[in-house]
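# Residue-level structure breakdown
Single-letter residue listing:
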Amino acid sequence: MDSVPFHDGNIHKILETRYLDTRLDVNHSLQTHSSLIRRLSQERELEGHLGCVNAVAWNSKGSLLISGSDDTRINIWSYSGRKLLHSIDTGHTANIFCTKFVPETSDELVVSGAGDAEVRLFNTTRLSGRGFSEDAIAPSALYQCHTRRVKKLAVENGNPNVVWSASEDGTLRQHDFREGTSCPPAGSSHQECRSVLLYASQYDCIFNLMSHDALIIAFKMALVLKLDLRSGAKRSLADPPKQVLALKSCDISSTRPHLLLVGGSDAFARLYDRRMLPPLSSCRKRMSPPPCVNYFCPMHLSERGHPSLHLTHVTFSPDGQEVLLSYSGEHVYLMNVNHGGVNEVQYTSGDVSKLMTYSPTINGVELHPFASNVSPNGFLIKKNIAAKLDKCRKLIKFAKKSLDEGISYYGIEACNEVLNDYSHIIEPALKHECLCTRATLLLKRKWKNDAHMALRDCYAARKIDNSSYKALYYMSEALSQLGRHKEALDFAVASHSLAPSKPEVAERVETVKKDIALAEAEKNSKTDNGSSRFDDQGRRILSLSDILYRSEANSDASQDGPRSERDDSDYDEILELNFEPSISGDEEHDLESNIRHGSLNLRFHRRGARENAGGNDSCESPSSSSPNSRASYQPEAAVDMKQRFVGHCNVGTDIKQASFLGQNGEYVASGSDDGRWFIWEKRTGRLIKMLNGDQSVVNCVQCHPFDFVVATSGIDSTIKIWTPSAPVPSSVAGGSAGPETGDVLIAMESNQQKLSRNRDSILPFELLEPFRMPEFPEGSLRLRPFECAQS
């Protein structure tokens, strides 16, 4: 497949077009050209931090790079000299997760957010000298209103006065430097901003409970909360939002700054229009989340409801027309922004079940055999169209050959080439053949969610031709791989009715029947041996998911006393488990067992007791808290994926980024748990480059705003600078000549195996009891260090 050219064209032709079309910005096209990407190699390693580097960001001019680390320092680097200019001891008491230059301030103001739930603003003009400073600098502003870790900051181009912070407490807050420079800690008895502006809601609240003076004081506070998602998490698209949505990432569109994108502890990214957010209120109770413009989620992830599935990064494309989502334990997905109210890839919860349920009709329309697209008058197809069709046939032939040879990856790429670039010109028969071929390759490869992708192809093939048994046959196989045996049998029987003489179809029917019988036997066996989940003393053995997501069970369980007296939106228990690795430069990295040394942190949150104590505010709960809320809830539509990027692994950290490269955003990059970072062609999802960027994990990938220079960071205490300086183009790091295909496929296959592992580890009570220690302030419980396998 290396012979297939990339879609950015020949670099010489691009240069020639600038004479023909003066409107063409050649610099944008050449910044991240494929010929440059394939020559990427590490140019410099910036040393200056003493811990993991969790955040890197360029200033708007590209002259400076800022970084934040576990050492609680902010470092500012010179782009031209590749040198450390300033090192700020921020005073944070926990890991820095995010840092930014404040726009339009001559890069004098920088802001940071950390695990201590604080947001701090610094003025670099107060720094004395250059380089490493042992003394902490006093922040110009300090905001302590979050109650849990601050994971992401966002700034608006051209706005030097406001910064937004996303936290795992379920709130996104807006800090305006013009209105104040400090805010008391959350829970403080003197925290005046809590009375009005700490939590906002779309529901009308009782302002007459506050005096005029109190309102004036509140509006002078720096914190203005724009979004409360403490009841915003959804288990599936059909379920109403209920659990806390611990925010992990946020972004503001550079072309339409009123659009705000957030992602957190469920599968759905949310797009909000800041102009449509509800007015601020005096209500401190957790309310229903405000309505969003759009939900973004791949269809196959929308109905799972698995509690460990969550987003680690969301971002807009440079032109604001697309969004990129990176999932923990999943892949990276590209989607269109639906800002006009209509989107061709929107779906509802009912569409998911339709995809997996056999019906002789699709979308209510009876299927018919396809007809040739050749005109009845017999006009000849244009020569260039004929050449393209010939190329498509050769690519499909190559895909079938790769299927026979057992190398599915490049066969899938060949089919992608046909369907992405020539779908509008190929005849229905050829398209049907390509879809069925790609589905077969996906089912044979069996990477994470390949079966779901095969379902999509089979569904599209059925729309083209209902007289072919192949789409039904492979649909049955895909459903079997997903454990949907009863639905698989329906499709297998339908396939057999169309091709009764095909022995493989009859064999498929019998195989599915055996799968159903085996599943029933296993179900009965589990019922009979239900006591195996209990220890000798009758105590149930807990899995990791049981412990981590106990709050979901609590929120559904009945509480003591009537509902009206004890609403589960006010009283719930949340258990947060964090593993803090202690990886230093001289420790040996165990590649085989992937063991990390560190400490396990458990944090219990009892909502309602502290937040409502002593409060005089009165605010009615939203209608969603009523017993009939689920019955009256109307599920929203969501925007489906347009492209998937596979090959990396995102399991070990929840700050892993996926970024657009270049001013046109024609390429996508992401870090990985195997210490590499990956670059794909956005249009096709084709992997272009894989580079070694860290001894353990690459988390951050940020491209220079104008030059093709990329900064990456991760578990290592250094920042790597990458430039297209390799002497030979290659798909792997360094541009080394020689065979490389095997290295790429081996690395990708290994990452897919990690993604597919079961993340639920059994944790009996005996494991947790030895670690019990007296409770720390604010409900923290710190356990002794031990070895933890990332699996």
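Basis of the calculations
Residues numbered from 1 in each chain as written. Predicted model: local features only at pLDDT ≥ 70, side-chain atom pairs only at ≥ 80, totals over all residues. Heavy atoms only, no water. Helix = DSSP H or I, 4+ residues; strand = E, 2+ residues; numbered from the N terminus. Contact = heavy atoms within 4.5 Å. Areas by Shrake-Rupley, 256 points an atom, 1.4 Å probe, with all protein chains shown as cover. Pairing = 2+ DSSP bridges. Axes fitted to C-alpha atoms, helices over the stretch in contact; angles between N-to-C directions. Core = buried A, V, L, I, M, F, W, Y, C linked by side-chain atoms within 4.5 Å. Buried < 20%, exposed > 50% of the residue type's maximum accessible area, 1.4 Å probe, protein only. Expected span 1.5 Å × (residues − 1). Phe/Tyr/Trp six-rings, centres within 6.5 Å; stacked < 30°, edge-to-face > 60°. Lys NZ or Arg CZ within 6 Å of the ring centre and 35° of its normal. Disulfide = S-S within 2.5 Å. Salt bridge = Lys/Arg side-chain N within 4 Å of Asp/Glu carboxyl O. pLDDT = per-residue confidence, 0-100. Parallel < 35°, antiparallel > 145°, perpendicular 65-115°, else oblique. Left-handed = near helix turned anticlockwise from the far one by under 90°. Nonpolar A, V, L, I, M, F, W, Y, C, P; charged D, E, K, R; others polar.

Further remarks concern the overall build of the protein. Check the secondary structure of the protein and you find 18 helices and 39 strands. For the protein, long-range pairs separated by at least 24 residues make up 64% of all intrachain contacts whose partners lie at least 6 apart in sequence. Per element, the accessible surface of the protein, about 35200 Å² overall, is 51% carbon and sulfur.

A separate point is the sheet that holds strand β22 (residues 332–336). The antiparallel open sheet is built from four strands, whose spatial order is β20-β21-β22-β30. The two strands at the open ends of the sheet, each matched to only one other strand, are β20 (310–316) and β30 (643–645). Pairwise comparison of adjacent strand axes, ignoring direction, gives a mean angle of 20° for this sheet. Of the strand pairs in this sheet, strand β21 (residues 322–328) and β22 are connected by five bridges, and their pairing is antiparallel. Paired with S326 across the strands is V332, a residue of β22.

This next bit is on the nonpolar core. One finds F296, V323, L325, Y327, M335 and I426 to be the most contacted residues of the largest nonpolar core, which totals 76 residues. Sequence-distant contacts of F296, that is, excluding residues within four places in its chain, are made with L261, A267, F268, A269, L271, V323, L325, Y327, M335, N336, V337 and V639. By size, the runner-up hydrophobic cluster in this structure holds 19 residues, among which are L324, Y410, F660 and F678.

In this model helix α9 (residues 450–464) runs 22 Å from its N-terminal to its C-terminal C-alpha over 15 residues, within 8% of the 21 Å that 1.5 Å per residue would give. Counting buried positions along α9 gives twelve out of 15 residues, so the element sits mostly inside the fold.

Spatial ordering of the open sheet is given by β1-β37-β36-β35, a layout of four strands whose pairing is antiparallel. Looking along the sheet, the strands with just one partner apiece sit at the ends: β1 (41–47) and β35 (698–703). If you compare each strand with its neighbour and ignore which way they point, the axes differ by 25° on average. Bridge count for β35 against strand β36 (residues 710–714) is five bridges, and the pairing is antiparallel. Each bridged residue has a counterpart across the sheet, and for C703 the counterpart in β36 is V710.

It is worth spelling out the packing of aromatic side chains at this point. Overall, the coordinates contain ten aromatic pairs when judged by the stated rule. On the numbers, 5.8 Å between centres and 80° between planes, the contact of Y327 with Y333 is edge-to-face. Since its relative accessible area comes to 0%, Y327 is described here as buried. Ring geometry for F678 versus W680: centroids 6.0 Å apart, planes at 15°, classification stacked. The exposure class of W680 is buried, given its relative accessible area of 0%. Taken together through their ring pairs, the aromatic side chains of Y409, Y410 and W447 make up a single cluster. The residue whose ring lies beneath R445 is W447, and the NZ or CZ to ring-centre distance is 4.0 Å.

This brings us to the pairing of strand β2 (residues 53–58). Among the six residues that make up β2, six are buried, leaving the element largely enclosed by the rest of the structure. The pairing of β2 with strand β3 (residues 64–69) spans five bridges and is classified as antiparallel. Residue V53 lies in a different strand from β3, and its bridge partner there is S69. Linking β2 to β3, which pair antiparallel, is a turn of five residues; within it G62 sits at a positive phi near 80°.

Taken as a whole, this structure holds zero disulfides when the rule is applied. A disulfide-free cysteine, C415 has its sulfur positioned 4.0 Å from the sulfur of C434, the nearest such atom. On the basis of relative accessible area, C415 is assigned to the buried category, the value being 0%.

A full pass over the atoms with the stated rule returns 27 salt bridges. Close ionic contact of K151 with D654 constitutes a salt bridge, the shortest N to O distance being 3.0 Å. Of this pair, K151 sits in strand β11 (residues 150–155) while D654 sits in the loop between β30 and β31 (658–661), placing them 503 residues apart in sequence. Judged by relative accessible area, K151 falls into the buried class, the value being 2%. The partner of D674 in a salt bridge is R676, and the shortest N-O contact between them spans 2.9 Å. On the basis of relative accessibility, which here comes to 23%, the residue R676 falls in the partly exposed class.

Right, let's talk about unusual backbone geometry for a bit. Its identity is not glycine, yet E104 carries a phi of approximately 55°, on the positive side. Mapped onto the fold, E104 is located in the loop between β6 (96–101) and β7 (109–114). Taking the relative accessible area as the measure of exposure, E104 reaches 61% and is therefore exposed. In this structure, N449 is a non-glycine residue whose phi angle is positive, near 70°. In this fold, N449 is placed in the loop between α8 (428–445) and α9. With a relative accessible area of 6%, N449 lands in the buried category.

A word on the pairing of β31. Taking every second residue as pointing to the same face, both faces of β31 are buried, with A658 and F660 on one and S659 and L661 on the other. One ladder, built from four bridges, connects β31 with strand β32 (residues 667–671); its direction is antiparallel. Considered in β32, the bridge of L661 is made with Y667. Here β31 folds back onto β32, and the loop between the two strands holds five residues, one of which, G662, carries a positive phi near 85°.

Okay, α8 next. Its 18 residues place the ends of α8 26 Å apart at the C-alpha level, agreeing with the 26 Å of an ideal helix rising 1.5 Å per residue. Counting buried residues in α8 gives 13 out of 18 residues, a clear majority hidden from the surface.

Quick look at the side chain of S69 now. Structurally, S69 is set in strand β3. We classify S69 as buried; its relative accessible area is 0%. What S69 contacts, discounting residues up to four positions off in sequence, is H49, G51, C52, V53, N54, N95 and I96.

A few words on the confidence of the model for the protein. On average, residues of the protein score 75 in pLDDT, and 64% of them reach the 70 mark or higher. Segment residues 604–627: pLDDT under 50, and 54 contacts once partners within four positions in sequence are set aside and those in other chains are kept. Taken as a whole, residues 734–739 scores under 50 in pLDDT and shows eleven contacts with residues more than four places along the chain or in a different chain.

In helix packing, the relevant descriptors are the interaxial angle and the interaxial distance, both defined with respect to the helix axes. Remark: helix α5 (residues 349–356) packs on α9, axes separated minimally by 10 Å, with the N-to-C direction vectors making an angle of 80°. By the criterion of interaxial angle, the relationship of α5 to α9 is roughly perpendicular. Where α5 abuts α9, its residues K354, L355 and M356 lie against H452, L455 and Y459.

A word on the packing of helix α10 (residues 470–481) against helix α11 (residues 485–498). Across the interface, α10 lies against α11 with an axial gap of 8 Å and an inter-helix angle of 165°. With respect to α11, the axis of α10 lies roughly antiparallel. Along this stretch, α10 crosses α11, giving a crossing that reads as left-handed. Two secondary-structure elements touch here, α10 through L472, Y473, M475, S476, L479 and S480 and α11 through H485, E487, A488, F491, A492, A494, S495 and L498. Across the contact of α10 with α11, the residue classes break down as nine nonpolar, four polar and one charged.

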